[in-house]
Structures are given as C-alpha cells and as structure tokens.
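Next come the chains, spelled out residue by residue.
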Amino acid sequence: MTDLDLLHFEQLKKDVQAQYLKEYTPSYDEISKWKGIDIIYFQEDLRKKAKGNISEKSFYTYFKSSPVSKLPRIDMLNLLSIYAGYDSWYDFKKNHLFAGELLSEDKDLSDDELKELEKTVSSALNLPKTEEEVKKSEPNSEENTVLQKNNAENQIIEKNKLFLNLLKHQK
C-alpha cells in the first residue's frame, strides 16, 4: 500500500458520494456526516447498483474518518469502484492518475524511454495523437479483450461441445 493508494481511495469516496447525490438527498451532502437512515439508504443503493454490501462498521471505519490511514480490502474497493461507475478498483485508479505516477525517478532516460513515457502521458491525458501513432494503436479485434470486466449478470453460458461429444461417445 502506498500513499498514492490512500489518495486514490479519498478520491473514490468523493466519487461514491457524488454518485449517491445524483439521485438522493441525504441529511448532509458530506458523506462523513451521514448517520442512521442515510447510511441504510446508501447500503440499499449500493446493493442495487453494485450487487454487494458493506457493513455499517466498515462505513464508519472508512467514511467517517478522513483521511484514512489504511485501505479497505480489495473486494470493498472493487464494489465502491463499480458503484462509482468503473469496472474495478484497478480501472478507477487507471482513470485517476496522479502526477507522481507518471513521472520516472530516473532522470537520465534514453530516447526510447522518453518516447514511451510521452506515449503514456499522452494516452493518460487523452491528447490527440499523430497519424502515425493512430495507425499503430488501432486495436486488433482478436487482441481487444477486456480481462478486468466484472459483470457476469445476463451472460450466455455456452456448453463445451467437446465435453458433450465425449459424453456421447462413452455411452
């Protein structure tokens, strides 16, 4: 765990608060001031939108004190990230990079390393790319698989044809 992770978590708490305030009006806008019924309504909304739950104790531990001194478990980070509109905690962090995460500590970078760093910064800031970079970065449909997707609801389950054929031949 790094200090940057704690900063990311503080940002996530603000995003969670903003998401909740889009549809509800708790007694206080500030999430750290919520009590009783506000927390219960938030828990219900979290269950409805992110298909998960956090306990009242966890809410008090991580939302009532700011800044926090330790991160919650990864399942809670993923749940809150999904509630805030991201695929996972990793996706949230990727979309909220801090300056320190883009800078290299090695000051004597080679030309290739500088170009790689510039590409990283450019893509993180969504700057327009040159034509050459656009051609290089066009995704190949076979390579464009998302490994971090966490939404398993309503997915079609395909039967393994090979397995079924083996079963038929064994009879």
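The structure reproduced in this document is the subject of the present report. Computed from a predicted structure; not experimentally measured. (Residues numbered from 1 in each chain as written. Predicted model: local features only at pLDDT ≥ 70, side-chain atom pairs only at ≥ 80, totals over all residues. Heavy atoms only, no water.)

Along its length, the chain carries nine helices and zero strands. Each helix and strand of the chain, ordered N terminal to C terminal, gives the series α-α-α-α-α-α-α-α-α. With 171 residues in all, the chain has 26% of them scored as buried. For the chain, contacts bridging at least 24 residues in sequence account for 61% of all contacts bridging at least 6. (Helix = DSSP H or I, 4+ residues; strand = E, 2+ residues; numbered from the N terminus. Buried < 20%, exposed > 50% of the residue type's maximum accessible area, 1.4 Å probe, protein only. Contact = heavy atoms within 4.5 Å.)

To continue, consider a nonpolar patch on the surface. Taken together, Ile37, Ile40 and Tyr41 make up a surface patch of nonpolar side chains, about 300 Å² in accessible area. One can find Ile37 in helix 2 (residues 36-50). (Patch = residues over 30% accessible without salt bridge, like charges linked within 9 Å, V, L, I, M, F, W, Y side chains within 5 Å. Areas by Shrake-Rupley, 256 points an atom, 1.4 Å probe, with all protein chains shown as cover. Salt bridge = Lys/Arg side-chain N within 4 Å of Asp/Glu carboxyl O.)

Below, the discussion takes up the side chain of Asp15. When you line up the elements, Asp15 lands in helix 1 (residues 3-21). In this structure the side chain of Asp15 is engaged in a polar contact, spanning 3.4 Å, whose partner is the side chain of His96. (Polar contact = N/O pair within 3.5 Å; in protein donor to acceptor, adjacent residues only side chain to side chain.)

Once that is clear, we can look at the packing of helix 2 against helix 4 (residues 74-83). In the contact formed by helix 2 and helix 4, the axes pass within 9 Å of each other and the chain directions differ by 85 degrees. When the interaxial angle is binned, helix 2 and helix 4 end up roughly perpendicular. Mapping the contact onto sequence places Phe42, Asp45, Leu46, Lys49 and Ala50 in helix 2 and Leu79, Leu80, Ile82 and Tyr83 in helix 4. Along the lines of polarity and charge, the residues of the contact of helix 2 with helix 4 split into seven nonpolar, no polar and two charged. (Axes fitted to C-alpha atoms, helices over the stretch in contact; angles between N-to-C directions. Parallel < 35°, antiparallel > 145°, perpendicular 65-115°, else oblique. Nonpolar A, V, L, I, M, F, W, Y, C, P; charged D, E, K, R; others polar.)

Once that is clear, we can look at helix 4. By the burial criterion, the buried members of helix 4 are Met76, Leu77, Leu79, Leu80, Ser81 and Tyr83. Buried residues along helix 4 sit against helix 1, helix 2, helix 3 (56-63) and helix 5 (89-94). Of the residues one or two after helix 4, Gly85 is the one with positive phi, at around 105 degrees.

Moving on, we get to the packing of aromatic side chains. Scanning all chains against the criterion turns up 14 aromatic pairs. Ring centres of Phe59 and Phe63 lie 4.9 Å apart, and the angle between their planes is 15 degrees; on these two criteria the pair is classed as stacked. Taken together, the residues Phe59 and Phe63, both in helix 3 and four residues apart, mark about one turn of the helix. For the residue pair Phe59 and Phe63, the accessibility class agrees, reading buried in each case. By the ring-pair criterion, three or more aromatic residues cluster together here, those being Phe9, Tyr20, Tyr24, Trp34, Phe42, Phe59, Tyr60, Tyr62, Phe63 and Tyr83. (Phe/Tyr/Trp six-rings, centres within 6.5 Å; stacked < 30°, edge-to-face > 60°.)

In this section: the pattern of salt bridges. The tally for this structure, following the rule as stated, stands at seven salt bridges. Note that Glu23 is salt-bridged to Lys49, the shortest N-O span being 2.7 Å. A residue pair is termed long-range when its members are at least 10 positions apart, and Glu23 in the loop between helix 1 and helix 2 and Lys49 in helix 2 qualify at 26 residues. Residue classification places Lys49 among the partly exposed positions, given a relative accessible area of 28%.

Let's shift gears to the environment of Ala18. Tracing the backbone shows Ala18 in helix 1. Assessed through its relative accessible area of 39%, Ala18 is described here as partly exposed. In this structure, the C-alpha to C-alpha distance between Ala18 and Glu30, residues 12 residues apart in sequence, is 9.5 Å.

Grouped together as the largest cluster of nonpolar side chains are 26 residues, with contacts concentrated most on Phe9, Leu12, Phe42 and Leu80. Look past the residues within four positions of Leu80 in its chain and what remains in contact with it is Phe9, Leu12, Val16, Phe42, Leu46 and Phe63. (Core = buried A, V, L, I, M, F, W, Y, C linked by side-chain atoms within 4.5 Å.)

Before going further, it helps to examine the packing of helix 2 against helix 3. Look at helix 2 against helix 3: their axes get within 11 Å of each other, and the N-to-C directions meet at 105 degrees. In terms of orientation, helix 2 and helix 3 fall into the roughly perpendicular class. In contact with Gly36, Ile39, Phe42 and Gln43 of helix 2, helix 3 contributes Glu56, Phe59 and Tyr60. Residues of the contact of helix 2 with helix 3, tallied by class, amount to four nonpolar, two polar and one charged.

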